[in-house]
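# Overview (structure and organization)
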Amino acid sequence: MHTWGKSIISALFAINACAAWAQPSEQIERGKYLMNGVVACGNCHFARGDKGQPLLEKGLSGGMLFDEPPFKAYAANITPDKDTGIGKWTDTQLAKAIREGVRPDKSLIGPPMPMEFYRHLSDADLAAIIAYLRAQPAVKNEVPKSKYNMPLPPSYGPALKEVKTPATSNKVKYGEYLANIGHCMECHTPRNDKGMLLHEKLGAGGMVFNGPWGASVSRNLTPDVSGLKDWSDAQIAKAIREGVDRSGQHYKPPMGFDFYKTINDADMGALIAYLRSLKPQVFAGK
Ligand code: HEC
Ligand code: HEC
């Protein structure tokens, strides 16, 4: 059962994106924009109270349980604490963990951390996220060890060398990049009975998420009538940023609406252009 919190609104500030930076502080700002926006690592890594509410003073110190047989995983402490967090890891080690799922001791990070998608993080954005993580207060919080009663893959793919950020001028490509680093399709694509994403049905929705809210079902994000074909850009933007549908109904978790409200207009335009470029699919849910 996911124990996602409902609201972290107060944790977040509206931040303007900066496409390029020269100063380390600008790099941290870029990291903050991504982390408090489309990338939303905190949706899983924020420490949470017994009602799933984020404990802001404990920041990204982890502990959220994902009890999804065959595994029971706890989100790691990713604050710079030296004993219980990532304080002893070098930037290179941290980069390899986030983007390739390999820890400094060579062990593999397990699901639900969306490694398949984080492989797309560009060198510049990865560095910005790491700079932001380093700038957070160290919080001591010993998180229980995850248990995987299933084999993890040998790796999530070959070692990465250089990953470039696509040009923002190509809206569809840049939107695809944002959707990848926001792992939208991790939740919005149906899976086979082994839990593997059905890439030929990318964006068709239908995944069920059980939680304290009951059940929510991910929607069809493709340009089909059972998806977003008849939606205006403004309606899609409102759904993503505010978590409100066309009839004014609020969506349920676990989508990170409280983070997505800071996605700026240019990035939202790119995301929507990408969704509109997807192959139309019939909704994969019931
Ligand atoms: C869908 C939930 C989810 C999201 C989103 C997520 N993580 Fe994780 N992450 C986890 C879980 C669960 C673990 C522990 C997995 C395990 O025990 O093997 C983890 C492990 C880690 C680790 C390994 C730490 C350690 O001590 O072993 C790092 C580093 C990390 N995450 C960083 C990030 C960053 C940075 C982001 C955003 C770019 C992110 N995660 C997004 C769920 C998530
Ligand atoms: C952790 C899982 C998860 C992630 C990640 C996620 N979503 Fe969702 N999304 C959902 C679920 C579940 C719903 C439906 C909620 C409900 O019905 O209450 C939803 C609803 C939506 C809707 C409303 C569509 C409609 O037809 O009503 C849009 C648009 C959307 N998501 C876009 C995105 C985009 C873009 C991203 C990436 C930036 C994203 N989602 C990331 C789970 C997720």
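My aim in this report is to walk through the structure given alongside it, one point at a time.

Conventions we followed
The numbers attached to residues start from 1 for each chain and follow its sequence in the written order. Each chain gets a letter, beginning with A, and each ligand a number, beginning with 1, in the order they are written. This being a predicted model, a pLDDT of at least 70 is required before a residue's local features are given, and a value of 80 or more before pairs of side-chain atoms are given or counted; all residues contribute to the totals for chains, interfaces and linings. Side-chain numbers here rest on the full set of heavy atoms in the structure, without hydrogens or water. Note on donors: an N, O or S atom is included if it sits within 2.8 Å of the metal, or within 3.2 Å for Na, K and Ca, and water is never included, so sites can look incomplete. Labels for metal geometry use angle windows, namely 85 to 135 degrees for all angles of a four-donor tetrahedral site, and for square planar (four donors) or octahedral (six donors) sites opposite donors over 155 degrees apart plus all others within 65 to 115; sites meeting none of these are irregular. Under the scheme used here, helices are H or I runs from DSSP no shorter than 4 residues and strands are E runs no shorter than 2 residues, and both carry numbers assigned from the N terminus. Residues enter a nonpolar core if they are buried and are Ala, Val, Leu, Ile, Met, Phe, Trp, Tyr or Cys, with the set joined through side-chain atoms within 4.5 Å. For every residue, the accessible area (1.4 Å probe, protein chains only) is compared with the maximum for its type, and the residue is labelled buried under 20%, exposed over 50%, or partly exposed between those bounds. The split into domains, and so the bounds of each, comes from an automatic or database assignment of domains. Note on definitions: a residue-residue contact is assigned when non-hydrogen atoms from the two residues lie within 4.5 Å. Near residues are defined by distance, with any heavy atom within 4 Å of the molecule or strand qualifying the residue. By the criterion applied in these results, polar contacts are pairs of N or O atoms within 3.5 Å in which, for protein atoms, one can donate a hydrogen and the other can accept it, and in which residues neighboring in sequence qualify only through two side-chain atoms. Residues are sorted three ways: Asp, Glu, Lys and Arg are charged, Ala, Val, Leu, Ile, Met, Phe, Trp, Tyr, Cys and Pro are nonpolar, and all the rest, Gly among them, are polar. One side-chain nitrogen of Lys or Arg within 4 Å of one carboxyl oxygen of Asp or Glu is enough to make a salt bridge.

### Remarks on the coordination of the iron atom of ligand 1
Around the iron atom of ligand 1, the protein contributes the donor atoms His45 (NE2) and Met113 (SD), which lie 2.0 to 2.1 Å from the metal centre. Seen from the iron atom of ligand 1, its six donor atoms lie at angles of 85 to 180 degrees, and the figure they make is octahedral. Of this pair, histidine 45 sits in helix H2 (residues 42-45) while methionine 113 sits in the loop between helix H3 (91-100) and helix H4 (115-118), and the two are 68 residues apart along the sequence.

### Some thoughts on the nonpolar core
When a protein is soluble and globular, its nonpolar side chains tend to lie buried together. In terms of nonpolar packing, the biggest core is built from 49 residues, with Val38, Leu121, Leu133, Leu178, Ile181, Ile263 and Leu275 touching the most fellow members. Residue contributions to this core peak at six residues, all from helix H10 (residues 265-277). Counting the residues that make up this core, at least three belong to each of domain 1 (9-148) and domain 2 (171-277). Not counting the four nearest positions on each side in its chain, valine 38 is found in contact with Tyr33, Leu178, Ile181, Gly182, Tyr260, Ile263 and Leu271. Counting six residues, the second largest nonpolar core, distinct from the first, contains Phe66, Phe71, Ala73 and Ala75.

### Quick word on the site of ligand 1
For ligand 1, the set of nearby residues contains 22 residues, the closest of which are Cys41, Cys44, His45, Arg103 and Met113. Contacts to ligand 1 include arginine 103, whose side-chain N or O atom sits 2.4 Å from an oxygen atom. Looking at the shell around ligand 1, the elements with two or more residues in it are H2 and strand S2 (71-74). Grouping the constituent residues of the shell around ligand 1 by class yields 17 nonpolar, four polar and one charged.

### Regarding the pattern of salt bridges
For the coordinates displayed, the defined rule picks out 13 salt bridges. One salt bridge in this structure joins lysine 140 and aspartate 83, with 3.0 Å as the shortest N-O distance. Taken together, the residues lysine 140 in the loop between helix H5 (123-134) and strand S3 (147-148) and aspartate 83 in the loop between S2 and H3 connect sequence positions 57 residues apart. Since its relative accessible area comes to 56%, aspartate 83 is described here as exposed. A salt bridge links arginine 191 to glutamate 186; the nearest nitrogen and oxygen atoms lie 3.3 Å apart. Each of Asp81, Asp83 and Lys140 takes part in one network of salt bridges that share partners.

### Concerning the coordination of the iron atom of ligand 2
On the protein side, the iron atom of ligand 2 has His188 (NE2) and Met255 (SD) as donor atoms, found 2.0 Å from it. Relative to the metal, the six donor atoms surrounding the iron atom of ligand 2 lie at angles of 86 to 179 degrees, and the coordination shape comes out octahedral. Here the residue histidine 188 occupies a position in helix H7 (residues 184-188), and methionine 255 occupies one in the loop between helix H8 (233-242) and helix H9 (257-260), the gap between them amounting to 67 residues. Residue histidine 188 is classed as buried on the basis of its relative accessible area of 10%.

Just geometry here; none of it tells us what the structure is for.
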